[in-house]
Amino acid sequence: MTVCIGSICNKGIVISADRMVTLQLPPTEFEHTGSKIDNLTDKTLFLAAGQVLPATEILKRTQAKLVTQPVTAVEEITKIVCNVYKEYRSEQIENFWLKPRNFTLDLFYKEGKCLNIPKELALALDGQMIQYNLGVELIIAGVDNGGGHLYTILNPGVYNCHDKIGYVAIGSGAMHAISTFIVNNYSVNFDINNSVYDTFEAKFIAERAPGVGAETDMGIITNAGIKFFERKEITLLRETCLKIIKP
């Protein structure tokens, strides 16, 4: 229950996210002080929607890998995040369904232990493991020698490039945000000022979706690095947005 947004412009990338946290049991929503946007490199950001704890673990493991495997290409960084996502998901599958039965994924599949248990149980376990969802959606946004890039990583660890479209959103407010870009005829050729406004407007409209908060984080990624907006700049964007949408 959240929204994370990225857009490509002629100078780089603009990103935005809310700060709403939703707990399922009992149902609780609150604005958190922590951001859903984290650094991977000096020109690449990690945005997470969904379950906080798995996203935090994926981020921590990825950051550790990037220390020992320094890369700058956004696609290569995305592949590292994607592999971490799949590794963590496999660990969770083993912990939930297999280790209580003294199995591992390798034992269950590669060594054929699934053949030594009743067929009905093996099929049920297989179905549950295939359908298991970490409940985490990610955006990897960054700038490299090829310009600005946007990737998403979704369950079960599949990544997609959104450079051609030029914008992307994840979370419960994703459709509201995407619709805003469509209505505004957004283009990767827009200058950075237009991109900043359109991205904020997409975030503002997404606040109509359940679980999306008003608190906003925004940043810009260019060849010079990453710059996050100050509170007064976010406030000015909101005031401008209200004048345009509700004149």
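Worth saying up front: this structure is predicted, and the values here are computed from it rather than measured.

Peer 1: Help me get a handle on unusual backbone geometry, residues and values and all.
Peer 2: Residue Pro156 follows Asn155 across a cis peptide bond; omega there is 5 degrees. Residue position: Pro156 is located in the loop between strand E8 (147-154) and strand E9 (158-161). With a phi close to 50 degrees, Asn185 is a non-glycine residue in the positive phi region. Judged by its relative accessible area of 63%, Asn185 falls in the exposed class.

Peer 1: Go over the packing of helix H5 (residues 174-183) against helix H6 (residues 192-206) with me, naming the residues and quoting the values.
Peer 2: Two elements in contact, H5 and H6, have axes separated by 8 Å at closest approach and are oriented at 140 degrees. When the axes of H5 and H6 are compared, the pair comes out oblique. Crossing angle aside, the handedness with which H5 passes H6 is right-handed. Touching His176, Ala177, Thr180 and Phe181 of H5 are Asp198, Thr199, Glu201, Ala202, Ile205 and Ala206, all from H6.

Peer 1: Any details on the pattern of salt bridges? Residues and values, ideally.
Peer 2: For the structure shown, the criterion picks out 12 salt bridges. Where Glu207 meets Lys203, a salt bridge forms, and the shortest distance between an N and an O atom there is 2.6 Å. When sorted by exposure, Glu207 lands in the same class as Lys203, which is buried. The shortest N-O distance in the salt bridge between Arg231 and Glu215 comes to 3.6 Å. Highlighted residues: Arg231 in helix H7 (residues 231-245) and Glu215 in the loop between H6 and strand E11 (216-222), separated in sequence by 16 residues. The exposure class assigned to Arg231 is partly exposed, which follows from its relative accessible area of 38%. It is possible to trace a salt-bridge network through shared partners that takes in Arg19, Glu215, Asp217 and Arg231.

Peer 1: Any chance you could break down the pairing of strand E5 (residues 37-41) for me, citing the residues and the numbers?
Peer 2: Side-chain direction in a regular strand flips from residue to residue, so the side chains alternate between the two faces of the sheet. Taken together, the 4 bridges between E5 and strand E6 (residues 44-50) define a ladder with antiparallel strand orientation. Across the sheet, residue Thr41 finds its bridge partner in E6, namely Thr44. Here E5 folds back onto E6 in antiparallel fashion, the turn holding 2 residues.

Peer 1: Tell me about the packing of helix H2 (residues 74-98) against helix H4 (residues 119-131), residues and numbers included.
Peer 2: Running from N to C, H2 and H4 point in directions that differ by 145 degrees, and their axes come no closer than 10 Å. H2 and H4 meet at a crossing whose hand is right-handed. For the pair H2 and H4, contact is made by Arg89, Ile93, Trp97 and Leu98 and by Leu125, Gln128, Met129 and Ile130, respectively. The residue inventory of the contact of H2 with H4, partitioned by class, reads 6 nonpolar, 1 polar and 1 charged.

Peer 1: Talk me through the environment of Cys82; I want residue IDs and the actual numbers.
Peer 2: Relative to the elements of secondary structure, Cys82 occurs in helix H2. Not counting residues up to four positions away in its chain, the partners in contact with Cys82 are Ile153, Gly157, Val158 and Tyr159.

Peer 1: Could you give an account of the side chain of Ser195, naming the residues involved and the relevant values?
Peer 2: Along the chain, the position of Ser195 falls in helix H6. Using a relative accessible area of 0% as the deciding quantity, one classes Ser195 as buried. At 3.0 Å, the side chain of Ser195 and the side chain of Ser7 are in polar contact. Other than its neighbours up to four places away in sequence, Ser195 contacts Ser7, Cys9, Val14 and Tyr186.

Peer 1: Describe the sheet that holds E6, and please don't skip the residues or the numbers.
Peer 2: Sheet architecture is open: 5 strands sit in the order E5-E6-E7-E8-E9, paired in antiparallel fashion. Two strands in the sheet have a free side with no partner beyond their single neighbour: E5 and E9. Neighbour-to-neighbour, the strand axes of this sheet turn through a mean angle of 25 degrees, independent of strand direction. Where E6 lies against strand E7 (residues 136-144), 7 bridges are found, and the strand directions are antiparallel. Note that in E7 the partner of Thr44 across the bridge is Gly142. Here helix H1 (residues 52-68) sits on the sheet and contacts E5, E6 and E7; the angle it forms with E5, its principal contact strand, is near 20 degrees. The strands touched by H2 within the sheet are E5, E6, E7, E8 and E9, with E7 carrying the most contacts at an inclination of about 160 degrees.

Peer 1: Residues and numbers for the sheet that holds E11, please.
Peer 2: Ordered in space as E10-E1-E2-E11-E12, the 5 strands form an open sheet in which the pairing is antiparallel. Edge positions in the open sheet fall to strand E10 (167-171) and strand E12 (225-228), since each of these has one partner strand only. If you compare each strand with its neighbour and ignore which way they point, the axes differ by 15 degrees on average. Of the pairings in the sheet, the one linking strand E1 (residues 3-9) to E10 comprises 5 bridges and is antiparallel in character. When the bridges of E10 are listed, Ser7 appears paired with Tyr167. Against the sheet, H5 contacts E1 and E10, and its axis sits at roughly 160 degrees relative to E10.

What counts, and at which threshold
- Residues numbered from 1 in each chain as written.
- Predicted model: local features only at pLDDT ≥ 70, side-chain atom pairs only at ≥ 80, totals over all residues.
- Heavy atoms only, no water.
- Helix = DSSP H or I, 4+ residues; strand = E, 2+ residues; numbered from the N terminus.
- Buried < 20%, exposed > 50% of the residue type's maximum accessible area, 1.4 Å probe, protein only.
- Axes fitted to C-alpha atoms, helices over the stretch in contact; angles between N-to-C directions.
- Parallel < 35°, antiparallel > 145°, perpendicular 65-115°, else oblique.
- Left-handed = near helix turned anticlockwise from the far one by under 90°.
- Contact = heavy atoms within 4.5 Å.
- Salt bridge = Lys/Arg side-chain N within 4 Å of Asp/Glu carboxyl O.
- Pairing = 2+ DSSP bridges.
- Nonpolar A, V, L, I, M, F, W, Y, C, P; charged D, E, K, R; others polar.
- Polar contact = N/O pair within 3.5 Å; in protein donor to acceptor, adjacent residues only side chain to side chain.

Note that every value here comes from positions in space, so none of it alone points to a role or purpose.
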